[in-house]
Each structure stands twice: as C-alpha cells, then as structure tokens.
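Residue strings, one per chain:
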Amino acid sequence: MGSLADVLDGKIEVPYEIIPHFPRSTVQGHAGKLVFGYLSGVPVVCMKGRFHYYEGYPLWKCAMPVRVMKLLGVTHLVATNAAGGLNPKFEVGDIMLVKDHINLMGFAGNNPLQGPNDERFGPRFPPMNEAYDKTLIREAKRIAKELGLENIVHEGCYTCLGGPNFETVAELKMLSMLGADSVGMSTVHEVITGRHCDLTVMAFSLITNKCITAYDSNDNPNHEEVMDVGKMRQDVLKLFVQSIVKYIKQTEDSINP
Ligand SMILES: O=P(O)(O)O[C@H]1O[C@H](CO)[C@@H](O)[C@H]1O
C-alpha cells in the first residue's frame, strides 16, 4: 500500500518547510512533501499534499507549485482530487475524468493569475476553452477499458468552491443546474496556472461521497470519509496514473526519439 509518491523508484523527498517561500500543508492527510523519482522509468515529481484557499493562502500561492514544476522542466500536469459526486450516476469510488471546469471563484474576480502578469510564464489573457487535453482524455478512457475500469470511469465537469465547509443543499442544486458533475475545493487554480505556462493538463476526481441534494437526508459529508475512500481506491488510482504516465512517455519518445 501507499500513495503513488510512495512507490516511485529512486525516491527523493523534499519537505515543503525546507523549500524557500513554499507554503506549508495544514490539512489532515496532506503530508507536505515534494517527491521526486521515476514512475515506470519516467521522471516525475509528485506533491504529497496541496494547498487550498481555505487554508488562508491566496490562489496564486496555492498554485505556485505548478510554476515551480514548470521551471523544473515538467511538461505534463496530472491533477487529482477528492470530490463530491453531484451527477447522480456517479457512485462512491468512481473516477471522473475532468473534461471542463467551472471557475466559481473566478466569477467573483478571484483568480490565481490576478495581478501583474509575468510574461515569462504566459500571456495576460490565456484561453481556457481547451484546458483539459482531449488526447489524454481519450487515451485515459482507452486505458480504463484495458484495465477493466470502464464501468467506474466517467467524464464530467468539476467545480471548485472556496471551502472549507461542505455545500448546502441549495448550493448543490444550483451547481447541478450550472452543469457541474463533481464538487471540490482545489484543482481549478492549479489547472489555470498550468495552462497559463503551457503545460499539457489532465485531471480526474475520485468520487469520495455523493453530494446530498435532498432535505430529508440524514447523511453528512465529512473529511474522514473522504480520506477513507481515498485510501480504499489508492491501488486502482496508482495503476491508472502509472498507465497514463507510460502512455505520455511513449508518445513523447515517438515525437522526440
Ligand atoms: O481537492 P482535494 O485536495 O483532493 O481535497 C478535497 O477533500 C477535502 C475535503 O474533504 C478538500 O480539501 C477538498 O478539496
């Protein structure tokens, strides 16, 4: 067992505390380390713990590790998250490939790219209509089929709220009407920052709980359940990401032999 970061070959772990100006992880279950190593022979860097707006960091700081990755030579970002399933077809433990997002915090003028634009990373007005790489989504679906995961892998639209509270019934009903299929408190600002600096991006949600859209329900979402489902699905997620990374490497090698 262990997360993806734990099974890298030639692993080097760098605690966030020793990286100058790096934020610190404050969330239970987020260890706070950058882990370098090889996954199926492919050099990768994993974040063991990410940063959320509700921890008190501005969005640009939450997403700063993405720019650090860009400067390290990273070309592809695979962002994963735990999310509530809003689409009634999703079950707990399912995977949702993100085909699009709704940047709710952006609606209120809060964006990781706010402030002076650093042209060395990217343009002032980056497009976001093709944020999630279509080829990677297609190949992830093929890989899911090969691994026998086709019944649990879906495609949908993710939305990020500021948190830390889970959503009200009325909020969830509204998000559903807006077209969201999964709901979380991360990823969108990382993806925007990644696309701004021209990383190829894919993302997926692990559905850790069903969103409660009925007033007569006695269930409550909670972080313990989110972490438990994450642990339960750890091995499947590892295999899935490993296969996607292998595919990326093969295509890169065929382009630049
Ligand atoms: O998005 P990640 O970091 O996977 O975690 C999700 O799970 C936590 C809530 O249980 C929130 O932080 C939410 O964003």
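Within each chain, residues carry numbers counting from 1 in the order of the written sequence. Only residues with pLDDT of at least 70 are given local features in this predicted model, and only at 80 or more are side-chain atom pairs given and counted; all residues enter the totals for whole chains, interfaces and linings. Here the side-chain values reflect all heavy atoms present in the structure, with hydrogen atoms and water set aside.

(A) Spatial organisation of unusual backbone geometry. The peptide bond linking G163 to P164 adopts the cis configuration, its omega dihedral lying at 5 degrees. In this fold, P164 is placed in the loop between β6 (153-160) and α5 (169-178). Although it is not a glycine, S40 sits at a positive phi angle of roughly 50 degrees. Mapping S40 onto the fold places it in the loop between β2 (33-39) and β3 (42-48). Buried, partly exposed and exposed residues are distinguished by accessible area as a fraction of the type maximum, computed with a 1.4 Å probe on protein chains only: under 20%, between the cut-offs, and over 50%, respectively. Look at S40 and you get partly exposed, because its relative accessible area is 31%. Positioned with a positive phi, D198 is a non-glycine residue whose angle comes to about 65 degrees. Structurally, D198 is set in the loop between α6 (188-196) and β8 (200-210). D198 sits in the exposed class, given a relative accessible area of 56%. Strands are runs of DSSP state E lasting at least two residues, helices are runs of H or I lasting at least four, and both sets are numbered from the N terminus onward.

(B) Here's a closer look at the environment of N129. Positionally, N129 belongs in the loop between α3 (104-107) and α4 (134-146). By relative accessible area, which is 67% here, N129 ends up exposed. When the C-alpha atoms of N129 and S182 are compared, they prove to be 18 Å apart, with 53 residues separating the residues in sequence.

(C) Inspection of the nonpolar core at higher detail. We call a set of buried residues a nonpolar core when its members are Ala, Val, Leu, Ile, Met, Phe, Trp, Tyr or Cys and they connect through side-chain atoms within 4.5 Å of each other. Of all hydrophobic cores here, the largest spans 64 residues; its most connected members are L97, Y132, F204 and F240. Sorting elements by how many residues they give to this core places helix α8 (residues 234-255) first, with seven residues. In what follows, a contact means two residues having at least one pair of non-hydrogen atoms within 4.5 Å. Ignoring any residue separated from it by four or fewer positions in sequence, one finds Y132 in contact with V98, K99, D100, H101, I137, V191, V201 and A203. Counting 10 residues, the second-largest nonpolar core is a separate cluster that includes L161, A180, V183 and C211.

Just distances and angles here, no functional claims.
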